[in-house]
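# An overview of the molecular structure
Residue-level listing of the chains:
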2 protein chains.
Amino acid sequence: MSISKEVVQALSSVLTFKDGLVPLHAPVFSGNELAYTKECIDSTFVSSVGKFVDQFEKMLAEYTGSKRAVAVTNGTAALHMALMLAGVKNDDEVIIPGLTFIATANAVAYIGAVPHIVDSEETTLGIDASKLDRHLSEIAEVRSGECFNKQTGRRIAALVPMHVFGIPLDLDGLLALCEKFSIPMVEDAAEAIGSFYKGKHCGRFGKISSLSFNGNKTITTGGGGAVLTDDDKLADLCKHMTTTAKIPHKWEYFHDMVGYNYRMPNINAALGCAQMEKLDDILASKRKLAEAYATAFSTVKGVHFLTEPEGCKSNYWFNTIILEKGMEEERDSVLEATNGASYMTRPLWAAMHRLTMYENCPRTDMSVAESLEKRVINIPSGAGILGV
Amino acid sequence: MSISKEVVQALSSVLTFKDGLVPLHAPVFSGNELAYTKECIDSTFVSSVGKFVDQFEKMLAEYTGSKRAVAVTNGTAALHMALMLAGVKNDDEVIIPGLTFIATANAVAYIGAVPHIVDSEETTLGIDASKLDRHLSEIAEVRSGECFNKQTGRRIAALVPMHVFGIPLDLDGLLALCEKFSIPMVEDAAEAIGSFYKGKHCGRFGKISSLSFNGNKTITTGGGGAVLTDDDKLADLCKHMTTTAKIPHKWEYFHDMVGYNYRMPNINAALGCAQMEKLDDILASKRKLAEAYATAFSTVKGVHFLTEPEGCKSNYWFNTIILEKGMEEERDSVLEATNGASYMTRPLWAAMHRLTMYENCPRTDMSVAESLEKRVINIPSGAGILGV
């Protein structure tokens, strides 16, 4: 049997209920979503002021164990703010993985900084710490507690690990590098709500980090994101910057810096509160699905189902299969066959260094990312599949 | 009787129902807001894909008479995009009024361009075309169809008139200037949904323009904005830029420029559709309120109630009283007395040239703006006051 047929068969064995298209990741609204939304509309507080914004931030902080959470319009805005708050400035370099969603690179570009693109590892799809160590040892130097790229002369102002599809990456390895080369870590945990690295929530290892609640995420607020930090000063500044930097006053309109309109509206936060109440159930359902996939794909030759690393807990946001090396040419036929059978699947993003606007950025050898791009496929992953 | 008491009395004569605080502008949800929101939640399409986004854009285009409308996260994002699409670049100058909400200046700053701040006129609170003509005649020169500031050497890439509180400003005067000095007009119509200049909707005079649907606006989507243009190419590019610049493909993730995540979520657009259905009723109610205020304040000496200019229609977003010159010292006591009597009122924004981050920007004499700042007061204006 062809590999495409085998993959379709494995999917069928898990997704037995199928009636029409199985989306990659539809949200599940089985709780108070409508009730809280109604409360917003009844109270007329649908916009940037309202109790659900505060409540959502509290729930996020409590769940992740972060001292503070600041809700914003989306994950891109959250990372933009996190990078600025970490001190990234115009003409700095920021280390990002090639394998990530475009928002990671764009958030760097918004500041006028330059993405420094690095390769990933096959086990977690995250930044390869050993390869990065060798690279930095070659091109970086630390002067007065800051890291500089000797080749470009620019400061390397941050390292942004991204937990791909919710799989926690090698944080110990990268934290050691951050220490060694004096680079602040800013975690892009956009895909990682509900993922834990050695018992601690992803996004709590950097100085500051970002989450996303886009419609396709584990939980959603329509569009939304959040900044996490244990630093009260940074959190206060984040709130200030994302709410147009207006100085509190009973009626005066004074602003003390170039601020942003990145406020999460109350009606979106209302959805978020209802989703947070269901997060444990959603995660349990997704984990059950991942386990079923692991079993189903264990007998499919040439296909590896990606599981969480030892000691870590993945939210299994997007379940992922990886074709063996040598099977690169099968990827598109698997995508065709699965989508043709109404199982929505998709490949990895094009790696950042392959996009016109980032192709001239400094980077490492990108052979692993390029190889993974040709072999990774996401399969249906929503919590609605097995129910919440 | 003191002026404060007289103002409170005039407010009382109009706001006869008062029971508790009368807010400056609460939204009114008397239509399909909950039904459409429920539809989003039931369908699971709460995020960036969904029928309400398309529908809201169509309703906006139809209502304003614009060929196209592109819905985005808020008015700030809309103006940011409108300026980029009008060709504003890093280190250009953009003419903006000193009397505006901070978003106008910030949108310029996001591009790395410099606000060039100009004075306003007392009649509309908008940019004073005659004063600007004299200023440009002194400092500007046109070379190869583009305008340059002779004093700074920078290109003047756009003129951004802002219709303050929904009062249409002197568009004829400013359009003539744009023609004379070869400066593209980008209208900031954030406050002007439902306002018409000589029969044509505000925001349809520039090359491209922005609207806002923040919670305090005439209609709201929680947070939201839109870009208006008659140019299909600009509208398509706007949609592309605001949706991460992803190239359409059944599964590949390729992006061809540094894009933005400025998508309006479907659940916010659902509110917008319901609000658009009620817009005429909302405007009628607000007009009735303005008329009542006009009568009530006609007998208050030293206080002028601001009305729409001849041939124009204001949405009367924020109703406005202006104290006579010489009464600047009364402003704060009027604010204290009215807020103390639970009528929410507020002064103008601090003019842009008075804010630290913009105090060194090029500008005209700002005497009118500075005088107005000390005399303008907004009074309760929501459509809920007289009902919809």
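Reading the values: rules and limits
Counting starts from 1 at the beginning of each chain's written sequence and moves along it residue by residue. Key to labels: chains lettered from A, ligands numbered from 1, both in the order written. Residues qualify for local features only when their pLDDT is at least 70, as the model is predicted, and side-chain atom pairs are given and counted only at 80 or more; totals for whole chains, interfaces and linings, by contrast, use all residues. Processing note: side-chain calculations cover all non-hydrogen atoms of the structure and skip hydrogens and water entirely. All copies are superposed by least squares; the fitting set is the C-alpha atoms of residues with a pLDDT of at least 70 in both. By definition in these notes, contact holds between two residues if any of their heavy atoms fall within 4.5 Å. In DSSP terms, a helix is any run of H or I states spanning at least four residues, a strand is any run of E spanning at least two, and both are numbered starting from the N terminus. Exposed residues in this analysis have more than 50% of their type's maximum accessible area, buried residues have under 20%, and partly exposed residues fall in between, with area computed by a 1.4 Å probe over protein chains only. Polar contact is defined as a pair of N or O atoms within 3.5 Å, subject to the rule that within protein one atom must be able to donate a hydrogen and the other to accept it, and that residues adjacent in sequence are counted only when both atoms are side-chain atoms. UniProt positions are given in the numbering used here, feature names are shortened, and annotations may be inferred rather than shown by experiment. By arc we mean the arc of the directions from the helix axis to the C-beta atoms, nothing more.

The two copies are related by a screw operation: chain B maps onto chain A through 180 degrees of rotation and 0.0 Å of translation along the axis, at an RMSD of 0.0 Å. The transformation relating the two chain copies, once decomposed into turn and shift, fits a two-fold axis. A share of 100% of the interface residues of chain B reappears at the interface of chain A, consistent with the copies meeting face to face through the same patch.

The next thing to look at is the environment of N266 of chain B. All names here are of chain B. Here N266 is to be found in helix α9 (residues 266-277). A relative accessible area of 2% places N266 in the buried class. Separated by 263 residues in the primary sequence, N266 and I3 place their C-alpha atoms 47 Å from one another. Reaching out from N266, the side chain makes a polar contact with the backbone nitrogen of F52 at a distance of 2.9 Å.

The UniProt feature table records "active site" (unreviewed entry) at K217 of chain A. In contact with K217 of chain A, other than residues within four places in its own chain, are H25, A190, E191, S212 and W317 of chain A.

Here, UniProt's "modified residue: N6-(pyridoxal phosphate)lysine" (unreviewed entry) annotation points to K217 of chain A. As for its position among the elements, K217 of chain A is in the loop between β10 (208-212) and β11 (225-229).

Glancing now at helix α2 (residues 33-43) of chain B. Within α2 of chain B, the full set of buried residues consists of E33, Y36, T37, C40 and I41 of chain B. Buried residues in α2 of chain B, looked at end-on, bunch into an arc of 140 degrees, giving them a common side. In this structure, the buried side of α2 of chain B is in contact with α2 (33-43) and α9 (266-277) of chain A together with α3 (51-64) and α9 of chain B. Count one or two residues on from α2 of chain B and you reach T44 of chain B, which has phi positive near 70 degrees.

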